[in-house]
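So you can see what is in the structure, the chains are spelled out below.
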Amino acid sequence: MILEVPILYSFRRCPYAIRARMAIFMAGITCELREVLLSDKPDELIEISPKATVPVLCLGGKVIDESLDIIKWSRSFNDQLLLPDKKSQTHTLEMIDIFDTQFKLNLDKYKYPDPKKHDSLNNRQNCLDMLRNMDHYFISDPWFYGDRPSLLDIAILPFIRQYRNIDADWFDKVSDIPNVKKCLNHFLQSKELESVMRKYDQWRSGSNPVYFP
């Protein structure tokens, strides 16, 4: 039971924030949402989390500022995520780690190219190679493990979505990741994503509270 409304600092397009909002939404938890701009971070966010990244969940005197920890916290109240078998759970954690490290590193270099330091097309290819490696493993429908979202879906699909958005025309022509694209397309049309991608005005100190979902 939640005794007070949590406060979630978020940024609409951030993949980490998207997956945290999805977990909160699926758990049926109401929170005060504070939409911030990463170029104009409020002092309140910096004060409670010096690294000043999103998402940040404030629970009274407790602060959770890692998206996977917010997911874990949300699941303790009402876990609507599909739980795969033990072997798949291990693979899920391995895949999430790959996406949070190798995939994200290459994604950022692809999205924000610096010709003096790296070839962004190489970074695009590195991401694609990771998607190819996982495509043969996941053959379920419509999500990675079956008929409803799992931890893997909400943890990595926001990053694949961002990867596609950089050059959707190119991505949509890629033909050898059919299972990944099937899950991504379902994710893009899902009620889960629609519910967490509503637009909110930028939060400023003194703003009237806005609640999510």
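Note that the structure is predicted; figures quoted are calculated from it, not measured. (Residues numbered from 1 in each chain as written. Predicted model: local features only at pLDDT ≥ 70, side-chain atom pairs only at ≥ 80, totals over all residues. Heavy atoms only, no water.)

Asker: Before we move on, can you summarise the pairing of strand E1 (residues 7-10) with the specific residues and values?
Answerer: One face of the sheet, then the other: side chains in a regular strand alternate in exactly this way. Residues Ile7 and Tyr9 point to one face of E1 and Leu8 and Ser10 to the other, with burial holding for every one of them. For the crossover that starts at E1, traverses helix H1 (residues 15-27) and ends in the parallel strand E2 (residues 31-35), the hand is right-handed. Bridge count for E1 against strand E3 (residues 56-59) is three bridges, and the pairing is antiparallel. Within E3, the residue paired with tyrosine 9 across the bridge is valine 56. (Buried < 20%, exposed > 50% of the residue type's maximum accessible area, 1.4 Å probe, protein only. Helix = DSSP H or I, 4+ residues; strand = E, 2+ residues; numbered from the N terminus. Right-handed = clockwise from strand over helix to strand, strands pointing away. Pairing = 2+ DSSP bridges.)

Asker: Which residues make up the pairing of E3, and what values do they have?
Answerer: On E3, burial covers both faces: Val56 and Cys58 on one face and Leu57 and Leu59 on the other are all buried. Bridge count for E3 against strand E4 (residues 62-64) is three bridges, and the pairing is antiparallel. Its bridge partner lying in E4, leucine 57 is registered against isoleucine 64. The turn linking E3 back onto E4 is made up of two residues, and glycine 60 within it adopts a positive phi angle of 65°.

Asker: Give a description of the sheet that holds E3 that names residues and reports values.
Answerer: Strand order in the open sheet made by the five strands is E4-E3-E1-E2-E5, with mixed pairing throughout. Since the sheet does not close on itself, it has two edges, and those belong to E4 and strand E5 (211-212), each with one partner. Here H1 sits on the sheet and contacts E1, E2, E3 and E5; the angle it forms with E1, its principal contact strand, is near 150°. On the sheet, helix H3 (residues 67-75) packs against E1, E3 and E4 and is oriented at approximately 45° with respect to E3. (Contact = heavy atoms within 4.5 Å. Axes fitted to C-alpha atoms, helices over the stretch in contact; angles between N-to-C directions.)

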